[in-house]
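Each chain is listed here by its residues.
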Amino acid sequence: MSSSRRKAMNAYQRQLFGAQTFLEYTLDHQLSVEKKRLLIFDNVLVELWDNGVLYFHPQAVSSADSILLSVGVHGNETAPIEIVDRLVSDILSGKTCLKHNLLVVIANPPAISASSREVDENMNRLFNNELHKNNKASAERLRSIDLMAYSTDFFNRHAEHKFHYDLHTAIRDSAYEVFAISPNISSASLVEQQYSTLAQWGIEAILSTDKNNATYSAFTARYCGAVSFTLELGKVKPFGENDLNKLSAVITGLDRLVSGCERHVTEVKKPRRFRVIAEVYKRSKDFQLCFAPATANFSEFARGDLLAVDTDYQYRVACDGERILFPNENVAIGQRTLVIVRPLDN
Ligand SMILES: [Zn+2]
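Computed from a prediction, not measured in an experiment: that's the story for all the values here.

### With respect to the layout of surface pockets
Then step 1. Here the largest pocket defines a volume of roughly 1000 Å³.
Then step 2. Among the elements of the structure, strand S6 (162-170), helix H8 (216-223), strand S9 (227-235), strand S10 (272-281) and strand S15 (336-343) are those that each provide at least two residues to the lining of the largest pocket.
Then step 3. Looking at side-chain class alone, the lining of the largest pocket contains 17 nonpolar, 16 polar and 12 charged residues.
Then step 4. Viewed by domain, the lining of the largest pocket spans two of them, domain 1 (3-258) and domain 2 (276-343), each represented by three or more residues.

Okay, here's the thing in structure tokens:
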């Protein structure tokens, strides 16, 4: 961090994190963290609930929404982590004025410290309490149990509307660089309204899925009454190599969202809408994908194309317009290895 930025840190940030930012403090306090409570500008209550779990409550606002912003479920997806670290500093310095309840979660600090996607296993398959019965503990399992409890507690508190944005970056290139996954089962008007908010943030495609994949956003959509999204914000890069200018629409959008001054510009391009039509699971060690490893997300295939083979199984494109998403051969047997999507307007 530049010395001018460090100097700009205000007293509130210092009271919470010393000379550090929220991210730096989180990575430095993984073994134990002291719970903290503080009143900042405009009677906003700030509480550090746990390492990487920071709660804001504007006590003077009578009809606030509750917004959960989570990052770092995959430790090497750094751009979103930088974005929320900056947002927290902006709130604590008074640059961003908070009008809604906000829970900021840095989900997987050990994986962030190790610059790796995960320590023991993919955390974004663990947000379902049923999964944890009779299963041996892993770093990600223990943390996801805590995060489910904090998220439930947060969303149980009174709020006008409840929203969750779980921010990621993708491993591969994509025909749509910035896209959202919507696990919301209802197509209520609030969900539709959110699609236009996401369009303002530069989201190019929205993928609806009714599959319960135990992702963080599926958990809050199903069990916490939130309108929830996983946002994929470009491609994975190490800290310091992200061009946050490319994500300026998202950064501005989040800032306006938490400060309650969303602007509705009508001329933004509508995101292309997709839905999940199939998921392919790895059944045996003989599983193989039948396209080039570097194939971009949302690449389209023709009817009859062979996409995957396994013992006594194959996946052939059945309909025009089918596209692939998140292909990954290197998963454990029984895990999802490929998602097939189609445009909603096809
Ligand atoms: Zn991710």
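### What to know about the coordination of the zinc ion
Ideal values for angles at a metal depend on the geometry: 109.5 degrees with four tetrahedral donors, 90 or 180 degrees with six octahedral donors.
Then step 1. Of the protein atoms, only His-74 (ND1), Glu-77 (OE), Glu-77 (OE) and His-168 (ND1) coordinate the zinc ion, at distances of 2.0 to 2.4 Å.
Then step 2. Viewed at the metal, the four donor atoms of the zinc ion are separated by angles of 58 to 146 degrees, and the geometry they form is irregular.

### Focus on the domain arrangement of the protein chain
Then step 1. Each domain of the protein chain was delimited in the assignment, giving domain 1 (3-258) and domain 2 (276-343).
Then step 2. Computed from C-alpha coordinates alone, the two centres of domain 1 and domain 2 are separated by 30 Å.
Then step 3. Contact with domain 1, which involves 16 residues of that partner, is made by 16 residues of domain 2.
Then step 4. Summed over both sides, the interface of domain 1 with domain 2 buries roughly 1300 Å², with 54% coming from carbon and sulfur.

### Side note on the pairing of S10
Then step 1. As judged from the four bridges shared by strand S8 (residues 205-208) and S10, these two strands associate in the parallel manner. Each residue of the ladder has a partner; that of Ala-205, found in S10, is Arg-272.

### A word on the packing of aromatic side chains
Then step 1. For the structure shown, the criterion picks out 19 aromatic pairs.
Then step 2. When the ring of Phe-163 is compared with that of Tyr-165, the centres are 6.5 Å apart and the planes differ by 25 degrees; the resulting orientation is stacked.
Then step 3. For Phe-163, a relative accessible area of 5% translates into the label buried.
Then step 4. Using a relative accessible area of 0% as the deciding quantity, one classes Tyr-165 as buried.
Then step 5. Judged by centre distance (4.9 Å) and plane angle (90 degrees), the ring pair of Phe-179 and Phe-298 falls under edge-to-face.

### Concerning the sheet that holds strand S7 (residues 178-182)
Then step 1. Spatial ordering of the open sheet is given by S1-S2-S3-S5-S4-S6-S9-S7-S8-S10-S15-S14, a layout of 12 strands whose pairing is mixed. Bordering the open sheet on either side are strand S1 (36-40) and strand S14 (323-325), each of which pairs with just one other strand. Each neighbouring strand pair of the sheet contributes to a mean axis angle of 25 degrees, computed without reference to strand direction.
Then step 2. Direction of pairing for strand S4 (residues 66-71) relative to S6: parallel, over a ladder of six bridges. Among the inter-strand pairings, Leu-68 is bridged to a residue of S6, identified as His-164.

### Some points on the environment of Lys-99
Then step 1. The residue Lys-99 is located in the loop between helix H4 (78-92) and strand S5 (101-106) in this model.
Then step 2. By relative accessible area, which is 36% here, Lys-99 ends up partly exposed.
Then step 3. Remark: the alpha-carbon pair of Lys-99 and Ser-63, spanning 36 residues in sequence, is separated by 9.2 Å.
Then step 4. Contacts of Lys-99, omitting those with residues within four sequence positions, involve Pro-58, Val-61, Ala-64, Val-258, Ser-259 and Gly-260.

### What about the packing of helix H6 (residues 139-156) against H8?
Then step 1. Orientation of H6 relative to H8, taken along the N-to-C sense of each, is 40 degrees, at an axis distance of 11 Å. Comparing their axes, H8 and H6 come out oblique. For the element pair H6 and H8, the recorded crossing hand is right-handed. Facing H6, whose interface residues are Leu-147, Met-148, Ser-151, Thr-152 and Phe-155, H8 presents Tyr-216, Phe-219 and Thr-220.

### Details of the pattern of salt bridges
Between side chains of opposite charge, a pair can form when the charged atoms approach closely.
Then step 1. The full count for this structure, using the stated rule, is 13 salt bridges.
Then step 2. The partner of Asp-90 in a salt bridge is Lys-95, and the shortest N-O contact between them spans 4.0 Å.
Then step 3. Among the residues examined, Asp-90 registers a relative accessible area of 13% and is labelled buried.
Then step 4. With its nearest N and O atoms 3.2 Å apart, the salt bridge here joins Glu-279 to Arg-336. One end of the pair, Glu-279, is in strand S10; the other, Arg-336, is in strand S15, and 57 residues separate them in sequence. For the pair formed by Glu-279 and Arg-336, the shared burial category is buried.

Conventions we followed
Residues numbered from 1 in each chain as written. Predicted model: local features only at pLDDT ≥ 70, side-chain atom pairs only at ≥ 80, totals over all residues. Heavy atoms only, no water. 1 Å grid on protein atoms, 1.4 Å probe; cavity = no way out; pocket = protein on both sides within 12 Å on 5 of 7 lines; lining within 4 Å. Points joined across faces, edges and corners; volume = space filled by probe spheres on them. Helix = DSSP H or I, 4+ residues; strand = E, 2+ residues; numbered from the N terminus. Nonpolar A, V, L, I, M, F, W, Y, C, P; charged D, E, K, R; others polar. Domains from an automatic or database assignment. Donors = N, O, S within 2.8 Å, 3.2 Å for Na, K, Ca; no water. Tetrahedral: all angles 85-135°; square planar, octahedral: opposite > 155°, others 65-115°. Contact = heavy atoms within 4.5 Å. Buried area = accessible area lost by both parts, 1.4 Å probe. Pairing = 2+ DSSP bridges. Phe/Tyr/Trp six-rings, centres within 6.5 Å; stacked < 30°, edge-to-face > 60°. Buried < 20%, exposed > 50% of the residue type's maximum accessible area, 1.4 Å probe, protein only. Axes fitted to C-alpha atoms, helices over the stretch in contact; angles between N-to-C directions. Parallel < 35°, antiparallel > 145°, perpendicular 65-115°, else oblique. Left-handed = near helix turned anticlockwise from the far one by under 90°. Salt bridge = Lys/Arg side-chain N within 4 Å of Asp/Glu carboxyl O.

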